[in-house]
6 protein chains.
Amino acid sequence: MPYVNIKVTREGGPDGTGPSAEQKAQLITGVTDLLQDVLGKNPATTFVVIDEVPLEDWGVGGLPVQEYRKQAQ
Amino acid sequence: MPYVNIKVTREGGPDGTGPSAEQKAQLITGVTDLLQDVLGKNPATTFVVIDEVPLEDWGVGGLPVQEYRKQAQ
Amino acid sequence: MPYVNIKVTREGGPDGTGPSAEQKAQLITGVTDLLQDVLGKNPATTFVVIDEVPLEDWGVGGLPVQEYRKQAQ
Amino acid sequence: MPYVNIKVTREGGPDGTGPSAEQKAQLITGVTDLLQDVLGKNPATTFVVIDEVPLEDWGVGGLPVQEYRKQAQ
Amino acid sequence: MPYVNIKVTREGGPDGTGPSAEQKAQLITGVTDLLQDVLGKNPATTFVVIDEVPLEDWGVGGLPVQEYRKQAQ
Amino acid sequence: MPYVNIKVTREGGPDGTGPSAEQKAQLITGVTDLLQDVLGKNPATTFVVIDEVPLEDWGVGGLPVQEYRKQAQ
């Protein structure tokens, strides 16, 4: 009866604006399979929720992620 | 001093695009009353946050929810 | 297909150490009914997860909750 | 290796539609510094995610926040 | 720069008290690999947090999960 | 009306078993002040919840954090 929340930055994907519906479906299938393989969890009661987070809302190293990447170069 | 987070798929409601503001208000009132009735929690310090999740971002049974429903038919 | 997370401070309940199993069951039933009544959500796909948070881990007004209550008196 | 999630109502900021990118950057810097100062956490492994919540999705006192404020006046 | 939270009921595992450390490591590896394979995410900035939830704190079908399973039989 | 959740690994602090109550109080005060300074948020309606996560439940780089640190040396 697992619940999985996956947060990713809204970027990449086929047109640079975030994961495609197909990529999200792959994440859903993959993590559900993983929970079945490792812990025997029933897929029918495995929920997966994906959140796309705008780049300005994600920080690392004390900076918004885009600033962080510039400085890391 | 409770904090409640309610996640629902973005669908249904008066025009099919998700719960209306009035329905959300009913959820807020209902869960706040529940916490007061069962645990004596003060409504003034009960926070409720509702998240509407796009259908392609919600998975169950290893599939995005719309695919899952098609297969379940 | 809702997911509800309820966070409450670990206090109160029959012996002062937090909600009883029976009180938690009432929260689960109550919020599931609410989602069915307001949005027509199917209870079989409504998940509820309750977290009890130690008092020293909950802050309000810039203070741990117990300090806050002392000052509010 | 901290993870911080900050949820605020979508309001205020320079044009009333929520915090500006600069204000969000200040939150990211401030909370990352705080975790370094108090607990010695490495900024490079401190993630901060900010969520802006529409006003109709935030409840307090059993009401959506805007209704609550009207009644509190 | 993903963040993944996996919530499972505290049960099963080698001695019935929840997933073993080895099983958790498999979940961490598996979901990190998945995000690298599907979205090209860097494992070094992929965080995974696993929460074990006591059975009495998890509800489905309007009941604590153990009650729900009894009735589903 | 902010809600802040801070997740840290359960380690460090005065006796190596995690942040002390005093350190947690400093986090609560610091992040509440930050939200007041940057966004003008009222401390009385700012909630902070701290979660200590066991080391085996936190993954980075595809490994539980302790394994990751060993390999990073």
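Predicted model only: the values in this text are computed from it and were never measured.

1. Observations concerning the arrangement of the chains
Link 1 in the chain: Taking C-alpha atoms as the reference, chain C and chain D come no closer than 14 Å and do not contact one another.
Link 2 in the chain: With no contact between them, chain A and chain F keep their nearest C-alpha atoms 14 Å apart.

2. Overview of the interface of chain E and chain A
Link 1 in the chain: Each partner contributes to the interface: chain E provides 25 residues, whereas chain A provides 25 residues.
Link 2 in the chain: In this assembly, chain E packs against chain A so that about 2200 Å² is buried in total across both faces, 73% of it on carbon and sulfur atoms.
Link 3 in the chain: For the chain E face of the interface with chain A, the top three residues by lost area are Met1, Val38 and Leu39 of chain E, together amounting to 27%.
Link 4 in the chain: Scanning the region where chain E abuts chain A turns up 0 salt bridges.
Link 5 in the chain: Applying the counting criterion to the chain E and chain A interface returns 7 residue pairs in polar contact (both at pLDDT 80 or more).
Link 6 in the chain: Sorting elements by how many residues they give to the side of chain E that touches chain A places helix α1 (residues 21-39) of chain E first, with 9 residues.
Link 7 in the chain: Of the residues assigned to the side of chain E that touches chain A, the class counts are 16 nonpolar, 5 polar and 4 charged.

3. Considerations on the interface of chain F and chain C
Link 1 in the chain: With 15 residues of chain F in contact, the opposing surface of chain C contributes 12 residues.
Link 2 in the chain: The three residues of chain F that bury the most area against chain C are Lys24, Ile28 and Val49 of chain F, which together make up 34% of that side's buried surface.
Link 3 in the chain: Linking chain F to chain C there are 2 salt bridges.
Link 4 in the chain: Salt-bridge contacts for Glu56 of chain C lead to Lys24 of chain F; the nearest nitrogen and oxygen are separated by 2.7 Å.
Link 5 in the chain: Across the contact surface, chain F and chain C share 6 residue pairs in polar contact (both at pLDDT 80 or more).
Link 6 in the chain: For the side of chain F that touches chain C, the elements supplying multiple residues, two or more each, are α1 (21-39) and β2 (47-53) of chain F.
Link 7 in the chain: The leading source of residues in the side of chain F that touches chain C is α1 of chain F, at 6 residues.
Link 8 in the chain: Here the side of chain F that touches chain C is built from residues that sort into 10 nonpolar, 3 polar and 2 charged.

4. Digging into the pattern of salt bridges
All names here are of chain B.
Link 1 in the chain: Scanning the model with the defined rule gives 42 salt bridges over all chains in all.
Link 2 in the chain: Between Glu52 and Arg10 there is a salt bridge, with its nearest N and O atoms 3.3 Å apart. With a gap of 42 residues between them, Glu52 in strand β2 (residues 47-53) and Arg10 in the loop between β1 (3-9) and α1 (21-39) connect regions that are remote in the sequence.
Link 3 in the chain: A relative accessible area of 17% places Glu52 in the buried class.
Link 4 in the chain: Take Arg10: its relative accessible area is 41%, and that puts it in the partly exposed class.

5. Some words on the sheet that holds strand β1 (residues 3-9) of chain A
Note on sheets: strands pair through backbone hydrogen bonds, and any given pair is parallel or antiparallel.
Link 1 in the chain: The strand order across the open sheet built from 8 strands is β4(B)-β3(B)-β2(A)-β1(A)-β1(E)-β2(E)-β3(F)-β4(F), with neighbouring strands paired in mixed fashion. On the outer flanks of this sheet lie β4 (63-64) of chain B together with β4 (63-64) of chain F, each paired with one strand and no other.
Link 2 in the chain: Each of β1 and β2 (47-53) of chain A, β3 (58-60) and β4 of chain B together with β1 (3-9) of chain E touches helix α1 (residues 21-39) of chain A; the most contacted strand, β2 of chain A, lies at about 140° to it.

6. Examining the UniProt feature "domain: 4-oxalocrotonate tautomerase-like" (unreviewed entry) in chain A
Link 1 in the chain: On the UniProt side, "domain: 4-oxalocrotonate tautomerase-like" (unreviewed entry) is annotated at positions that read residues 2-66 of chain A here.
Link 2 in the chain: Taken as a whole, residues 2-66 of chain A contains 32% helix and 29% strand, while its terminal C-alpha atoms sit 33 Å from one another.

7. Digging into the relation of the copies chain F and chain C
Link 1 in the chain: When chain F is brought onto chain C, the operation consists of a screw motion whose angular component is 120° and whose axial shift is 0.0 Å, with 0.0 Å RMSD remaining. The relationship between the two copies is best expressed as a three-fold rotation axis. For chain F, the smallest separation between a C-alpha atom and the rotation axis is recorded for Asp51 of chain F, amounting to 6.0 Å.

8. Details of the relation of the copies chain E and chain A
Link 1 in the chain: Its rotation angle being 180°, the transformation that places chain E on chain A also includes 0.0 Å of axial translation and leaves an RMSD of 0.0 Å. Such values leave the two copies arranged in the relation of a two-fold axis. The rotation axis passes nearest to the C-alpha of Asn5 of chain E in chain E, at a distance of 2.6 Å.
Link 2 in the chain: Most of the interface of chain E is mirrored in chain A, where 100% of its interface residues are also at the interface.

9. A short note on empty space enclosed by the protein
Link 1 in the chain: Counting across every chain of the model gives 1 cavity of 30 Å³ or more.
Link 2 in the chain: Approximately 340 Å³ is the volume found for the largest cavity.
Link 3 in the chain: Along the wall of the largest cavity there are 19 residues; nearest its centre are Asn5 of chain A, Asn5 of chain B, Asn5 of chain D, Asn5 of chain E together with Asn5 of chain F.
Link 4 in the chain: Of the residues that constitute the lining of the largest cavity, the class distribution is 6 nonpolar, 6 polar and 7 charged.

Parameters at a glance
- Per-chain numbering applies: the sequence of each chain, read as written, is numbered from 1 onward.
- The order in which chains are written sets their letters, starting at A; the order in which ligands are written sets their numbers, starting at 1.
- Only residues with pLDDT of at least 70 get local features here, since the model is predicted, and only at 80 or more are side-chain atom pairs given and counted; chain-wide, interface and lining totals rely on the full set of residues.
- Where side-chain values are given, they derive from all heavy atoms of the structure, hydrogens and water being excluded.
- We call two residues in contact when some of their heavy atoms are within 4.5 Å.
- As a working definition, buried area equals the accessible area (1.4 Å probe) given up by two parts on being put together, with both sides summed.
- By convention in these notes, a salt bridge is any Lys or Arg side-chain nitrogen within 4 Å of a carboxyl oxygen on Asp or Glu.
- Here a polar contact is recorded for every N or O atom pair within 3.5 Å, except that within protein the pair must consist of a potential hydrogen donor and a potential acceptor, and residues adjacent in sequence are included only if both atoms are side-chain atoms.
- Strands here are runs of E lasting at least two residues and helices are runs of H or I lasting at least four, both read from the DSSP assignment and numbered beginning at the N terminus.
- Residues are grouped as follows: Ala, Val, Leu, Ile, Met, Phe, Trp, Tyr, Cys and Pro are nonpolar; Asp, Glu, Lys and Arg are charged; every other residue, Gly included, is polar.
- We call a residue buried when its accessible area falls under 20% of the maximum for its residue type, exposed when it is over 50%, and partly exposed in between, using a 1.4 Å probe and counting protein chains only.
- Strand pairing is assigned whenever DSSP detects at least two bridges linking the two strands.
- Where helices are involved, their axes are fitted lines through C-alpha atoms of the stretch in contact, as for all axes, and angles between N-to-C directions lie from 0 to 180°.
- UniProt positions are given in the numbering used here, feature names are shortened, and annotations may be inferred rather than shown by experiment.
- To line up the copies, we fit them by least squares on C-alpha atoms, keeping just the residues with pLDDT of at least 70 in both.
- Cavity: a set of points on a 1 Å grid over the protein atoms alone where a 1.4 Å probe fits but cannot get out. Pocket: an open set with protein on both sides within 12 Å along at least five of seven lines, its lining residues, like those of a cavity, having an atom within 4 Å of a point.
- Grid points are joined across faces, edges and corners, and a volume is the space filled by probe spheres set on the points.

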